[in-house]
Amino acid sequence: MHDHPHHDSPHHDHGPDNRLDPMEARTRALETLLVEKGLVDPATIEAIVQSCEERIGPRNGARVVAKAWVDPEFAEWLKQDATAAINSLGFAGRQSEHLAALFNDAETHHIIVCTLCSCYPWAVLGLPPSWYKSPPYRSRVVIEPRKVLAEFGVELPEEMRVRVWDSTSEMRYLVIPQRPANTEHLDEEALAALVTRDSMIGTGLVSLPGEAAQ
Amino acid sequence: MHDHPHHDSPHHDHGPDNRLDPMEARTRALETLLVEKGLVDPATIEAIVQSCEERIGPRNGARVVAKAWVDPEFAEWLKQDATAAINSLGFAGRQSEHLAALFNDAETHHIIVCTLCSCYPWAVLGLPPSWYKSPPYRSRVVIEPRKVLAEFGVELPEEMRVRVWDSTSEMRYLVIPQRPANTEHLDEEALAALVTRDSMIGTGLVSLPGEAAQ
Amino acid sequence: MIGPQDLGGRAGFGPVAPDPTDPLFHAEWERTVLGMTLACGSLGHWTLDESRHARECLSPQAYYGSTYYGIWLQALENLLLTHGEITAEELASGTVSAPPLRPERKMPVTAVASVLGTGAPVDRPASAPARFAPGDAVRTTATVSPGHTRLPSYARDKPGTVVAIHGCHVLPDTNAHAQGEQPQWLYAVEFPGHVLWGDTAEPGSSVLIDAWESYLGPI
Amino acid sequence: MIGPQDLGGRAGFGPVAPDPTDPLFHAEWERTVLGMTLACGSLGHWTLDESRHARECLSPQAYYGSTYYGIWLQALENLLLTHGEITAEELASGTVSAPPLRPERKMPVTAVASVLGTGAPVDRPASAPARFAPGDAVRTTATVSPGHTRLPSYARDKPGTVVAIHGCHVLPDTNAHAQGEQPQWLYAVEFPGHVLWGDTAEPGSSVLIDAWESYLGPI
């Protein structure tokens with residue numbers, strides 16, 4: 001069990017003793033039933049979760065972003081056919097069958113959301129964080145994106161357009177943040193290390209360590 | 001305590017021992033605080049509730065309807081200025097400061113609702129029933145009025161217009177149901193006895209005892 | 001604001017389940033909450049509109065997870081807290097630790113009949129002629145009010161027809177937020193079902209709302 | 001249907017409260033629910049669209065009163081019950097009393113990598129040319145779907161502009177209800193903020209949705 005004071009749930013005030021958690025009990029009951037009926041294999045469940053925790057994650061997306069920053073040809077491919085360009089780096093699969101890249105620039109800032117559920121580009125960003133899946137973000141970012149960004153510590157210039165992409169289909173969006181200034185000396189790997197998960201959702205910006213940013 | 005299997009609440013499965021009901025405890029705590037601070041008088045609370053239970057109720061509305069059926073001049077007054085016409089019978093007050101009467105006829109059936117809270121013409125109908133205040137009625141009657149009427153056992157002719165009045169202001173609406181056929185021999189009092197609460201909300205029709213209807 | 005109270009057209013709440021034997025109150029505390037809420041109104045800290053807003057400001061989880069009078073009770077607690085008539089410590093401890101603000105406005109039992117019997121009319125003198133007349137085609141505003149409003153979201157940004165003028169009434173949108181009564185002309189506006197719900201509408205059905213003048217524009 | 005999942009523009013849910021230390025899972029059971037839901041998908045009783053619909057068919061009280069994986073668990077139970085893979089008695093007792101329907105489709109651990117790594121693309125060959133092109137002005141339908149739909153209510157009955165064509169994709173509205181894939185052209189459609197929210201919109205903001213062709217009409 002982790003400590004999670006800001007969790008979006010009304011049911012998280014349980015103690016460390018999971019035997020008292022009704023959701024734990026309900027889950028185990030269903031799992032036992034399905035295993036005994038021969039419908040699921042516990043090893044499969046564990047392998048699925050481990051894959052979601054380890055195979056995918058924002059380091060994948062960061063590699064896509066860094067490559068787009070240093071390789072104009074790749075950036076162009078990403079613009080034209082993000083699915084193929086991203087697959088070429090070995091990132092593909094569930095919740096990322098159809099991809100599009102949204103390039104932030106001096107005029108436009110992109111943000112992604114799924115107001116209807118929790119669609120998210122798993123292959124490049126991993127499983128979504130709690131706040132992305134929870135009602136406050138889903139309800140508010142489409143109507144007051146700048147106010148939401150402010151809660152992430154992000155202030156955009158007044159004249160910048162803000163485009164909020166609601167993931168209502170199986171298209172999955174990846175924001176390509178702007179490359180920070182004074183990074184000409186950094187190689188692709190060093191650049192990738194700068195790219196945060198939130199900057200690829202659009203709720204963060206990329207900055208050099210030590211500089212003010214999100 | 002009453003038995004109430006269809007109550008709209010998630011919290012109604014408490015037993016007969018009210019000491020165990022957290023809402024009872026919470027209410028008593030606030031009441032005690034307000035009484036000790038000299039802000040409310042328990043006798044006032046009781047007098048308010050008794051007045052709501054006894055002074056007002058659908059028998060008032062039924063008298064309005066019956067009078068409109070037998071007295072064309074009153075019916076006309078009701079159409080032109082329902083507040084004054086209804087006040088003339090002694091019915092007035094909170095949640096009925098501004099009244100309008102909606103006359104059902106062969107072409108049009110009226111229904112009232114308050115999708116945003118529970119506005120209801122207290123002076124003529126009393127306190128609203130649970131279903132009127134609860135989410136299923138409030139959410140559905142504006143989009144599928146005939147389906148909702150069917151749940152009340154009311155089937156309207158296909159060609160009849162259905163007008164649903166959402167009480168979004170302090171205007172309060174009273175439906176004047178159609179007078180049933182074969183009631184020429186009944187006096188005003190006997191007619192009033194036929195008029196149900198639901199027929200003045202629009203979720204019922206008026207019929208003679210023994211005839212099919214509610 | 002499009003809060004949890006804004007229910008028109010939303011799905012998932014189940015059947016209406018009218019029950020002729022259902023009582024007006026299901027427990028003693030419900031009676032007390034009704035009486036206490038009305039009695040506290042006489043303290044004059046808030047308007048009827050503000051008390052409605054206090055109910056719709058409950059979280060959707062609290063609003064949908066509470067009974068009707070449970071919503072009233074939570075809103076009453078919040079109103080009393082907001083206006084300083086009780087403190088959070090008092091509510092938590094159940095013990096008085098701060099003086100009351102307006103004990104002189106306590107409603108006496110002798111006032112009940114007149115308070116309930118008279119009510120509080122909200123019609124006001126008009127300062128300008130009504131902008132619209134019955135028969136006029138109008139369109140409701142697309143603006144989502146950030147605060148209290150009585151324009152249901154299902155009727156936002158829709159074309160309709162004025163069918164009646166109700167007079168000039170206190171505006172809830174300001175009166176709920178201590179910004180004054182700012183009375184406006186109030187209209188009954190009718191929307192054909194298909195305008196609101198498209199092909200899902202039942203044929204021959206329409207919905208009417210009462211709309212203040214600032215909710216409406218010409219088409 | 002405008003169910004509890006339809007959150008865009010609604011108020012009352014509080015601050016976003018991003019927490020960089022928040023873990024992906026808050027308890028072991030959440031991990032199990034994720035894995036179990038994905039594993040059960042391979043039984044082939046339901047589509048991804050139907051499983052989304054099962055989540056949004058929870059009552060608003062259950063939906064808002066549950067954690068994220070709590071919603072998943074309740075929906076999974078309902079899916080398994082609806083398709084007869086478990087019975088209500090089994091769920092209540094925790095004891096197997098009916099034979100499984102599709103044990104032969106149990107996902108083996110060896111299939112995990114390929115199932116997750118390949119996914120299930122939903123693009124399909126088109127049977128007709130796309131009706132709209134980027135730059136076209138369109139209006140979304142006013143119809144409130146009685147079942148599953150991916151048109152959020154805030155973008156219903158609104159004028160917008162096509163900005164991209166994504167290809168021809170499986171239609172969730174039918175695929176969620178065992179009515180087949182019925183693929184349609186899918187478009188990115190942009191709405192200026194003021195079209196959706198009126199004067200409340202932030203200047204220079206817009207919202208884009210992906211909309212199937214039947215959601216759209218010309219202006």
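This text goes with the structure placed above it.
On a predicted model such as this, the values are computed, not experimentally measured, just so you know. (Residues numbered from 1 in each chain as written. Chains lettered and ligands numbered in written order. Predicted model: local features only at pLDDT ≥ 70, side-chain atom pairs only at ≥ 80, totals over all residues. Heavy atoms only, no water.)

Trainee: What is the right way to look at the environment of B:Met23 in this model?
Mentor: One can find B:Met23 in helix H1 (residues 22–36). C-alpha of B:Met23 to C-alpha of B:Val148: the two residues are 125 residues apart in sequence and 31 Å apart in space. If we skip the residues at most four places from it in the chain, B:Met23 touches C:Trp29, C:Gly70 and C:Leu73. (Helix = DSSP H or I, 4+ residues; strand = E, 2+ residues; numbered from the N terminus. Contact = heavy atoms within 4.5 Å.)

Trainee: Explain the sheet that holds strand S5 (residues 216–218) of chain C to me, please; I cannot follow it from the model alone.
Mentor: Either a parallel or an antiparallel arrangement is found when strands of a sheet pair, and the pairing is made through backbone hydrogen bonds. One open sheet accounts for seven strands, arranged S2(B)-S3(B)-S4(C)-S3(C)-S2(C)-S1(C)-S5(C); its pairing is mixed. Here the strands that pair on one side only, and so sit at the sheet edges, are strand S2 (108–113) of chain B together with S5 of chain C. When strand polarity is set aside, the average angle formed by the axes of neighbouring strands in this sheet is 35 degrees. Judged from the three bridges that link them, strand S1 (residues 137–140) of chain C and strand S2 (residues 159–169) of chain C form a sheet pairing that is antiparallel. By the bridge assignment for S2(C), C:Arg139 is matched with C:Pro159. (Pairing = 2+ DSSP bridges. Axes fitted to C-alpha atoms, helices over the stretch in contact; angles between N-to-C directions.)

Trainee: I keep staring at the interface of chain D and chain A and nothing clicks. Help me out?
Mentor: Accessible area lost during the coming together of the parts is what is often quoted as the interface size. Counting from both sides, the interface comprises 94 residues of chain D and, opposite them, 83 residues of chain A. Carbon and sulfur atoms make up 63% of the surface buried where chain D meets chain A, a total of about 7,800 Å² over both sides. Per-residue buried area on chain D facing chain A is highest for D:Val16, D:Leu116 and D:Glu202; these three make up 9% of the total on that side. Where chain D meets chain A, there are seven salt bridges. (Buried area = accessible area lost by both parts, 1.4 Å probe. Salt bridge = Lys/Arg side-chain N within 4 Å of Asp/Glu carboxyl O.)

Trainee: So what exactly am I meant to see when it comes to the sheet that holds strand S5 (residues 216–218) of chain D here?
Mentor: Pairing is mixed across the open sheet formed by seven strands, whose spatial order is S2(A)-S3(A)-S4(D)-S3(D)-S2(D)-S1(D)-S5(D). This sheet does not close on itself; its edge strands, each paired only once, are strand S2 (108–113) of chain A together with S5 of chain D. For this sheet, the mean angle separating the axes of adjacent strands, direction not counted, is 35 degrees. Two strands pair when backbone bridges link them, and S2(A) and strand S3 (residues 161–166) of chain A are joined in this way by six bridges, in the parallel orientation. Its bridge partner being in S3(A), A:Val113 is matched across the sheet by A:Asp166.

Trainee: Just to check I follow, could you spell out the packing of aromatic side chains for this structure?
Mentor: Aromatic rings in a pair are described by how distant their centres are and how their planes are angled relative to each other. Scanning the model with the defined rule gives 35 aromatic pairs over all chains in all. Ring centres 5.0 Å apart and planes at 45 degrees place the aromatic pair B:Trp165 and B:Tyr173 in the tilted group. Its relative accessible area of 7% is what places B:Trp165 among the buried residues. Overall, B:Tyr173 belongs to the buried group, its relative accessible area being 1%. Taking 5.7 Å as the distance between ring centres and 75 degrees as the angle between the ring planes, the aromatic pair formed by D:Phe132 and D:Tyr187 counts as edge-to-face. Of this pair, D:Phe132 sits in the loop between helix H6 (112–118) and strand S1 (137–140) while D:Tyr187 sits in strand S3 (residues 184–192), and the two are 55 residues apart along the sequence. Relative accessible area serves as the criterion here: at 0%, D:Tyr187 is assigned to the buried category. The structure contains a cluster of three or more aromatic residues connected by ring pairs, namely C:Phe13, C:Tyr63, C:Tyr64, D:Phe13, D:Tyr63 and D:Tyr64. (Phe/Tyr/Trp six-rings, centres within 6.5 Å; stacked < 30°, edge-to-face > 60°. Buried < 20%, exposed > 50% of the residue type's maximum accessible area, 1.4 Å probe, protein only.)

Just distances and angles here, no functional claims.
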